[in-house]
Amino acid sequence: MIKAVRGTRDLLPPDTALWNFVEATVRDVFRAYNFQEIRTPIFESTELFARGVGEETDIVAKEMFTWEDRGRAESDKGQSLTLRPENTAGIVRAYIEHKMWDRGLNKFFAIGPMFRRERPQKGRYRQFFQIDAEVIGPPSSGSESPARDAEVIEMVATILDRLGITGWTLQLNSVGCPADRDRFNEALRKALEPVVHQMDPDCQRRAVTNPLRVFDCKVPEDQPIIEKLPRISQFLDEPCRKHFEEVQAILRSTGVEFQINSRLVRGLDYYTRTAFEFTHDALGAQNAILGGGRYDGLSESLGGPPAPGIGFAIGEDRLVLSLNKSPEDVSRPPDVYIAPLGAGMNREAARLARELRKSNSGRGNPGANNNLIVELGDENFRLKKSFEAADKLKSRYILIVGENEVKANAFALKHLASGKQVTVPRAELAARIQQK
Ligand code: HAM
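Let us look at the structure shown here. (Residues numbered from 1 in each chain as written. Predicted model: local features only at pLDDT ≥ 70, side-chain atom pairs only at ≥ 80, totals over all residues. Heavy atoms only, no water.)

In this section: the environment of Ile232. As for its placement among the helices and strands, Ile232 is situated in the loop between helix H8 (223-227) and helix H9 (238-254). With a relative accessible area of 1%, Ile232 lands in the buried category. Taking the C-alpha atoms as reference points, Ile232 and Ser174, 58 residues apart in sequence, are found 7.6 Å from one another. Aside from chain neighbours lying at most four places away, what touches Ile232 is Asn173, Ser174, Val175, Gly176, Phe184 and Ser262. (Helix = DSSP H or I, 4+ residues; strand = E, 2+ residues; numbered from the N terminus. Buried < 20%, exposed > 50% of the residue type's maximum accessible area, 1.4 Å probe, protein only. Contact = heavy atoms within 4.5 Å.)

Turning our eyes to something else, we now look at the sheet that holds strand E11 (residues 309-315). Overall, mixed pairing links the 8 strands, which are arranged E1-E5-E6-E11-E10-E9-E7-E8 in an open sheet. With one partner strand each, in any of the chains shown, strand E1 (36-37) and strand E8 (259-260) form the two edges of the open sheet. Sheet topology note: the strand E7 (residues 168-174)/strand E9 (residues 272-280) ladder contains 7 bridges and is antiparallel. Residue pairing for E9: Leu172 is matched across the bridge by Phe276. Helix-sheet contacts for helix H1 (residues 16-32) involve E1, strand E5 (106-115), strand E6 (127-136) and E11, and the interaxial angle to E6 is about 0°. Lying on the sheet, helix H4 (residues 88-97) is in contact with E5 and E6; it crosses E6 at an angle near 40°. (Pairing = 2+ DSSP bridges. Axes fitted to C-alpha atoms, helices over the stretch in contact; angles between N-to-C directions.)

Around the ligand, 27 residues are found, and the nearest of them are Glu86, Glu118, Tyr125, Tyr271 and Ala288. Note that an oxygen atom of the ligand is positioned 3.1 Å from one of the side-chain N or O atoms of Gln130. Contact between the ligand and Phe312: a nitrogen atom at 3.3 Å from a main-chain N or O atom of the residue. Those elements that provide at least two residues to the shell around the ligand are E6, strand E10 (288-294) and E11. Take the shell around the ligand: its biggest share by element is 6 residues, from E10. For the shell around the ligand, the residue count by class is 11 nonpolar, 8 polar and 8 charged. (Near = heavy atom within 4 Å. Polar contact = N/O pair within 3.5 Å; in protein donor to acceptor, adjacent residues only side chain to side chain. Nonpolar A, V, L, I, M, F, W, Y, C, P; charged D, E, K, R; others polar.)

Here we take up the sheet that holds strand E3 (residues 66-68). Pairing within the open sheet is antiparallel, and its 3 strands lie in the order E2-E4-E3. On the outer flanks of this sheet lie strand E2 (43-45) and E3, each paired with one strand and no other. For this sheet, the mean angle separating the axes of adjacent strands, direction not counted, is 30°. The sheet contact formed by E2 and strand E4 (residues 80-83) spans 3 bridges and is antiparallel. The partner of Phe43 across the bridge, within E4, is Leu83.

The next thing to look at is H1. Spanning 17 residues, H1 covers 24 Å between terminal C-alpha atoms, matching the ideal 24 Å at 1.5 Å per step. Within H1, the full set of buried residues consists of Ala17, Leu18, Trp19, Phe21, Val22, Ala24, Thr25, Val26, Val29 and Phe30. Downstream of H1 by a residue or two, Asn34 has a phi angle that is positive, lying close to 60°. (Expected span 1.5 Å × (residues − 1).)

In this section: the side chain of Glu134. Turning to its location among the elements, Glu134 is positioned in strand E6. Among buried Asp, Glu, Lys and Arg side chains, Glu134 stands out as unpaired, with Arg266 the closest opposite charge at 9.0 Å. A polar contact is formed between the side chain of Glu134 and the side chain of Thr88, at a distance of 2.9 Å. (Lys, Arg positive; Asp, Glu negative; His and termini not counted. Salt bridge = Lys/Arg side-chain N within 4 Å of Asp/Glu carboxyl O.)

For the structure shown, the criterion picks out 11 aromatic pairs. Here Phe184 and Phe215 contribute two aromatic rings whose centre-to-centre distance is 6.1 Å and whose plane-to-plane angle is 20°, an arrangement assigned as stacked. Of this pair, Phe184 sits in helix H6 (residues 178-192) while Phe215 sits in the loop between helix H7 (201-209) and H8, and the two are 31 residues apart along the sequence. Geometrically, the ring pair formed by Tyr270 and Tyr271 is edge-to-face, given 4.8 Å between the ring centres and 65° between the ring planes. Overall, the relative accessible area of 5% leaves Tyr271 in the buried class. Ring pairs connect the aromatic residues Phe30, Phe35 and Phe109, which therefore count as one cluster. (Phe/Tyr/Trp six-rings, centres within 6.5 Å; stacked < 30°, edge-to-face > 60°.)

The structure is reproduced here in structure tokens:
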């Protein structure tokens, strides 16, 4: 038997109703904050991630699905391509490619699969989904303002509230401006010098090439060393510190609670200033539902003009895991099961189903239109089998379409829970089914 590849999985009904609920809710919130959808390709040139995310990050150094293109055209041959491990680099590439600075401040969102070759476990997959939001534009558009940071973070809190997710913690830090980073890296190098030989070989390499990445070392024996290292907060220059303070002040004024975590550096190199993560205890070891931050120099490092930006990506798989809901809470069963009875009745039933499916059900269902949900049986089924099928689907009504009903243009409609049966003229069927 051929199975789904390790670290990938099928999302099946009824659970997909939860995914639809999440996506419909976030789309609603994005609309309220005036974010617009962007869709970028699932694979990009490898160089984009090497330059954008950073060669020394775990993502680029160990986790990317990369291959050499076998295309025949000279221009394709040998090109190194990569399945996107994240969406920010691709969105900034698109911003530059389409000269989107002409539009002022851009507020994008994107929903789609990402790929990282990580060790699979609960909440960690090799194909996973992110809900991504980015605010980016030329400095003149206000893209650099702490108001943008606070708005984006407050939007996350709104999303979680709207989904009914409680018990989250917001961790906040500033990873500094580039000049602060240089001084911080220097201080880290100095602090690591006497102890680096005791560390895991991977951490040793980081200590030399990109000391900030030492904070990503997961080896337990190295943690006491990491614990004693200097913190970036000690190196923030005045504008950077002010920016961070203003972000906090706006968050306080909107009532969004946060904790300062001065060890939070995030696993991607493009971050500057604000960095944040929302965690949730119910998730276990992989407890970050989402992460984000500012990336004021990313556009320039990809060859674009200055375009400060800030954004985040929610791990949708983890978000669904932390939902306090079951698929039944966010979807509804069919309103009516149409049971054609006897030869030639499939045609009549199909016509009726088409009419009813165009009618409004009068019931709200997040993410779906409100039309009646109609199931269609088969004229070869005996009535008993149709009833069993309707029951199994938890349909509210069953509608019998037999020769007599068609002649009379009125149909037997039975409410399955109460057992009450009435004969309803065709023109009144939809209205009747809309009733509870
Ligand atoms: P990230 O922290 O690498 O940031 O990923 C964001 C979220 O994606 C994580 O918090 C987690 O919920 C989810 N995630 C990451 N890896 C996996 C995995 N293997 N399985 C399941 N979920 C996973 C970024 O990707 C940045 N692009 C976020 C960003 C946007 N920063 C600024 N704008």
